[in-house]
Amino acid sequence: MDTMAALKARSAQLVDLHHIMALMQWDQEVGMPRRAAAGRAGQFATLSGLLHRQETDPKLGELLARAGEQPELSGVEQALVRVLRRSYNRNTKLPEAFVTEFAQLTSEAQACWVEARQRSDFALFRPLLEKLVVMSRRQADYFGYADHPYDALLDIYEEGLTTAATEQMFARLKEPLIARVHKWQGRTPGLRFAEPFAGADQERFAARLLAAMGFDFDRGSLARSIHPFSTTLGHHDRRVTNRYSPHGLDFVFGALHEGGHALYEQGISDELAHSHLDDGVSLGIHESQSRLWENIIGRSRPFWERFFPELQTFFPAQFAGVDFESFIQGINRVEPGLIRVDSDEVCYNLHVLIRFELEKALLEGALAVADLPVAWNEKYDEYLGVKVGSDEVGVLQDIHWSHGSFGYFPTYTIGNLAAAQIWAQYKKVDSDYEQTIGTGDFFKIRQWLTEQLYRHGSVYPPTELLEKVTGQPLDSKYFLEYLDDKISGIAG
Ligand code: ZN
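This section reports on the structure supplied with the text. As the structure is a computational prediction, the values presented were derived from the model and not from experiment. (Residues numbered from 1 in each chain as written. Predicted model: local features only at pLDDT ≥ 70, side-chain atom pairs only at ≥ 80, totals over all residues. Heavy atoms only, no water.)

1. Quick word on a negative patch on the surface
Then comes step 1: On the surface, Glu305, Glu434, Glu481 and Asp485 cluster together to form a negatively charged patch.
Then comes step 2: Mapping Glu305 onto the fold places it in helix α13 (residues 301-314). (Patch = residues over 30% accessible without salt bridge, like charges linked within 9 Å, V, L, I, M, F, W, Y side chains within 5 Å. Areas by Shrake-Rupley, 256 points an atom, 1.4 Å probe, with all protein chains shown as cover. Salt bridge = Lys/Arg side-chain N within 4 Å of Asp/Glu carboxyl O. Lys, Arg positive; Asp, Glu negative; His and termini not counted. Charge placed at Lys NZ, Arg CZ, Asp CG, Glu CD. Helix = DSSP H or I, 4+ residues; strand = E, 2+ residues; numbered from the N terminus.)

Laid out in structure tokens, this is it:
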């Protein structure tokens, strides 16, 4: 077998293992019996071990070294070699003892975090978080970095992202966002529903929205879970989950958000199936697609001019007394709060900024874990003007640190900014974009996104892909313009 054929076979095999694990994960979140948890954890450990051995197999390294000498590789083949090399280099840089120790620590830390959060007691989580910071620092040293240890961690989630670039991104956002929060906060009333929502109706409406977006139910499914997520189990198997609380419209925006992730994956070219390229390219680009559907399209006036009557028909009792204008104002209300995941679009990136500044300080050793809650609370007061009453709604609210995921949060902001930048580009090719949205038929939008972005999977690195689609690197001005355009029109 020639080198390239051997590499493709390796890639397919590794992808199979990843998808089998994704299926186990999906099942765990969606339907696994309670007492199966310990057995499932063992299955994960077994498969993770197998996968790690395959991913660090010296024979794979030899194939990758030889691939460099191959003449006339196609663009897609070159991309596959690049992506496999990145994965191989990363995996082989970590000693096996470190990987095991880290897995052990994060599994303990997760259980501890759940309890600490329930009791709203940071002190309980503190010793493990201290170890996690030390190990993340070691992880950065293993991976290597040019300027800042945090660079090595950011790069895990967003290829090529650096501390300096992230600082620059937030420097251009911080003051403009704080000013806009002051200008708009509390200017429009929140939504109140006369009655709670029934889960079965919510699920039907969520499926209705997914179908309208163009989610292909022959190549994906919708299920229930405690936390909404989307996952890929195969080229023709892109799944989303949603949750159905009796209060509020989380089920609507959860469906649009996860649907956005899934549309991206369903749009990847068949040519890339069964390989490492059959995947969204980075967390930031992925999030740009979920936020585009959830917020830019899904909180827009034309979208609801089309779907609000259906929503009223689905839920006549709940929407009794809610008119269209108050609905639009309610779903776009700007109000600083304590919880990132409940945040409006204006405040959201300030929540992310706070985490970025704290993570960087922890990694540098400028901030001790013991001082983290105080630093957290001070920043919430300073940037968002809110007082943190307890650790549960403060420093313990996110699961990420218990996973040992330092460097993940900034990808949320990259997603928000990239969504606005990509949308600005779309508006150039469709000047009647509001009318397009208002028809409730998103073929035209989906077709453009597929052509420009979805179909490429992981062929181009994220920064290159964004430049291909929009003609320039990430620029926060599009996001600020988008907010001004939308919120001024609603909040005055
Ligand atoms: Zn997302």
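2. Focus on the sheet that holds strand β3 (residues 237-242)
Then comes step 1: Read across the sheet, three strands follow the order β1-β3-β2 without closing on themselves; strand pairing throughout is mixed. If you trace the sheet from one side to the other, it starts and ends with β1 (222-224) and β2 (230-234), each paired once. For this sheet, the mean inter-axis angle between neighbouring strands, taken without regard to orientation, is 30°.
Then comes step 2: Across the sheet, helix α10 (residues 199-213) is in contact with β1 and β3; its angle to β1 comes to roughly 150°.
Then comes step 3: The strands touched by helix α11 (residues 250-266) are β2 and β3; relative to β3, the strand with the most contacts, the crossing angle is about 170°. (Pairing = 2+ DSSP bridges. Axes fitted to C-alpha atoms, helices over the stretch in contact; angles between N-to-C directions. Contact = heavy atoms within 4.5 Å.)

3. Topic: the environment of His235
Then comes step 1: Residue position: His235 is located in the loop between β2 and β3.
Then comes step 2: Take His235: its relative accessible area is 10%, and that puts it in the buried class.
Then comes step 3: Sequence separation of His235 and Glu265 is 30 residues, and the distance between their C-alpha atoms is 8.3 Å.
Then comes step 4: Apart from residues lying up to four places away in sequence, His235 is in contact with Arg219, Ile268, Ser269, Asp270, Ala273 and Asp278.
Then comes step 5: Among the polar contacts made by the side chain of His235, one reaches the side chain of Arg238 at a distance of 3.2 Å. (Buried < 20%, exposed > 50% of the residue type's maximum accessible area, 1.4 Å probe, protein only. Polar contact = N/O pair within 3.5 Å; in protein donor to acceptor, adjacent residues only side chain to side chain.)

4. Some details on the packing of helix α3 (residues 58-67) against helix α4 (residues 75-93)
Then comes step 1: At a closest axis distance of 10 Å, the pairing of α3 and α4 adopts a crossing angle of 140°. As the angle between them shows, α3 and α4 are arranged oblique. The handedness of the crossing between α3 and α4 is left-handed. When α3 is examined against α4, the residues Pro58, Leu60, Gly61, Leu64 and Ala67 are found in contact with a partner set consisting of Val81, Leu84, Arg85 and Tyr88.
Then comes step 2: Residues that form the contact of α3 with α4 fall into these classes: seven nonpolar, one polar and one charged. (Parallel < 35°, antiparallel > 145°, perpendicular 65-115°, else oblique. Left-handed = near helix turned anticlockwise from the far one by under 90°. Nonpolar A, V, L, I, M, F, W, Y, C, P; charged D, E, K, R; others polar.)

5. Some remarks on the coordination of the zinc ion
Then comes step 1: In this structure, His257 (NE2), His261 (NE2) and Glu287 (OE) serve as the protein donors to the zinc ion, at separations of 2.1 to 2.3 Å.
Then comes step 2: Here the donor residues of the zinc ion are spaced in sequence according to H-x3-H-x25-E. Residue His257 and its partner His261 are both found in helix α11; the two are separated by four residues, about one turn of the helix.
Then comes step 3: On the basis of relative accessible area, His257 is assigned to the buried category, the value being 12%. (Donors = N, O, S within 2.8 Å, 3.2 Å for Na, K, Ca; no water.)

6. A word on the pattern of salt bridges
Then comes step 1: Overall, the coordinates contain 31 salt bridges when judged by the stated rule.
Then comes step 2: With a shortest N-O distance of 2.8 Å, Asp381 and Lys387 are connected by a salt bridge.

7. Comments concerning the nonpolar core
Then comes step 1: Counting 123 residues, the largest nonpolar core has Trp293, Trp304 and Phe327 as its most contacted members.
Then comes step 2: When residues of this core are assigned to their parent elements, the largest contribution, twelve residues, is made by helix α15 (residues 345-364).
Then comes step 3: Those residues within four positions of Trp293 in sequence are excluded, and the remaining contacts are Met213, Leu256, Gly260, Leu263, Gly298, Phe442, Ile445, Leu449 and Tyr454.
Then comes step 4: Among the nonpolar cores identified, the runner-up in size contains 25 residues, and Met24, Phe44, Val81 and Ile268 belong to it. (Core = buried A, V, L, I, M, F, W, Y, C linked by side-chain atoms within 4.5 Å.)

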